[in-house]
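Overview (structure and organization)
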Amino acid sequence: AETFMEAKETLGDYLGKNQIDNLVIFTHGNADGGVIYPNGNTDQALKPQHINTYVTGRSRNIKGSGFGYETIKALDGIVNYVKENGNVLFSTCWACHGESGKSMASSLSRLTQQRVNLYLNQDPSMRRYYNGYVEIWTGKPLTSELREGWVKVDRSGSTLELKGHE
């Protein structure tokens, strides 16, 4: 799927009323951290403040995001296909890097109402396809750019840096 709206529709068609244990969301991010590009278009950045505006219900008009309410609503719907206490991994470069990344983790936790465990990367998200499966970086250095590792946001909203805890 190219957008969160397409992904939500595809999941709905495939799963019906069923739910899954684990979900990996592949999107782009940037080295500043705390940004998700839902469709790869760098003009349309999803930032923590956009998610917070959606979660608090203050406005259907999410300013400065380039796409707005429907995209975040679709992301919310995608995550709702994951069972309670399931896992959602954002394979997004630098999604949890720096202070803005920590804010993104907190915002996503609020969006999911802390129903699921979230995993976000503080580094570039390395992945490869092998025999029809996706392999996600496991903490072993692949390049010199990998320094900080993954962060887990558990159902209590607490964060745990996974580097060294694999």
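Please read these numbers as outputs of a predicted model, since none were measured by experiment.

1. Digging into the sheet that holds strand 2 (residues 82-91)
A sheet is described by the order of its strands in space; here five strands give the open sequence 1-2-3-6-7, paired in mixed fashion. The sheet is open, and its two borders are formed by strand 1 (20-26) and strand 7 (159-161), each paired with just one other strand. Between one strand axis and the next, the sheet turns through 15° on average, direction left out of account. Summarising the sheet, strand 2 and strand 3 (residues 117-121) pair through four bridges and their orientation is parallel. Bridging across to strand 3, Val88 finds its partner in Leu118.

2. Focus on the nonpolar core
In terms of nonpolar packing, the biggest core is built from 30 residues, with Leu75, Phe90, Leu108 and Leu120 touching the most fellow members. Where this core is concerned, the elements lending two or more residues are helix 1 (4-15), strand 1, helix 2 (48-56), helix 3 (69-79), strand 2, helix 4 (98-111), strand 3 and strand 6 (150-153). Broken down by element, the residue count for this core peaks at six residues, all from helix 3. Every residue in contact with Phe90, bar those within four places of it in the chain, is listed here: Ile25, Ile36, Leu75, Leu108, Leu118, Tyr119, Leu120, Asn121, Ser125 and Trp150.

3. Overview of helix 1
The terminal C-alpha atoms of helix 1, which comprises 12 residues, lie 16 Å apart, in line with the 16 Å expected from a rise of 1.5 Å per residue. Among the residues of helix 1, Phe4, Leu11 and Leu15 are the ones counted as buried. For helix 1, the arc enclosing every buried residue in end-on projection is 20°, short of the 170-degree limit, so these residues lie on one face. The outward face of helix 1, more than 90 degrees from its buried face, is lined by the exposed residues Glu9 and Asp13. Residues of helix 1 that are buried in the fold lie against strand 1 and helix 3.

4. Regarding the pairing of strand 2
With six bridges connecting them, strand 1 and strand 2 associate as parallel partners. In the sheet register, Phe26 faces strand 2, and the bridge partner there is Ser91. Regarding the hand of the β-α-β motif, the stretch spanning strand 2, helix 4 and strand 3 is right-handed.

5. So, the packing of aromatic side chains
Geometry of an aromatic ring pair is reported as the spacing of the ring centres plus the angle between the planes. Tallied over the entire structure, the rule returns one aromatic pair. Look at Tyr54 and Tyr69: their rings are 5.3 Å apart centre to centre, the planes differ by 50°, and that puts the pair in the tilted class. Highlighted residues: Tyr54 in helix 2 and Tyr69 in helix 3, separated in sequence by 15 residues.

Definitions and limits used
Residues numbered from 1 in each chain as written. Predicted model: local features only at pLDDT ≥ 70, side-chain atom pairs only at ≥ 80, totals over all residues. Heavy atoms only, no water. Pairing = 2+ DSSP bridges. Helix = DSSP H or I, 4+ residues; strand = E, 2+ residues; numbered from the N terminus. Axes fitted to C-alpha atoms, helices over the stretch in contact; angles between N-to-C directions. Core = buried A, V, L, I, M, F, W, Y, C linked by side-chain atoms within 4.5 Å. Buried < 20%, exposed > 50% of the residue type's maximum accessible area, 1.4 Å probe, protein only. Contact = heavy atoms within 4.5 Å. Expected span 1.5 Å × (residues − 1). Arc of directions from axis to C-beta. Right-handed = clockwise from strand over helix to strand, strands pointing away. Phe/Tyr/Trp six-rings, centres within 6.5 Å; stacked < 30°, edge-to-face > 60°.

Take it as geometry only, folks, not as evidence of what the structure does.
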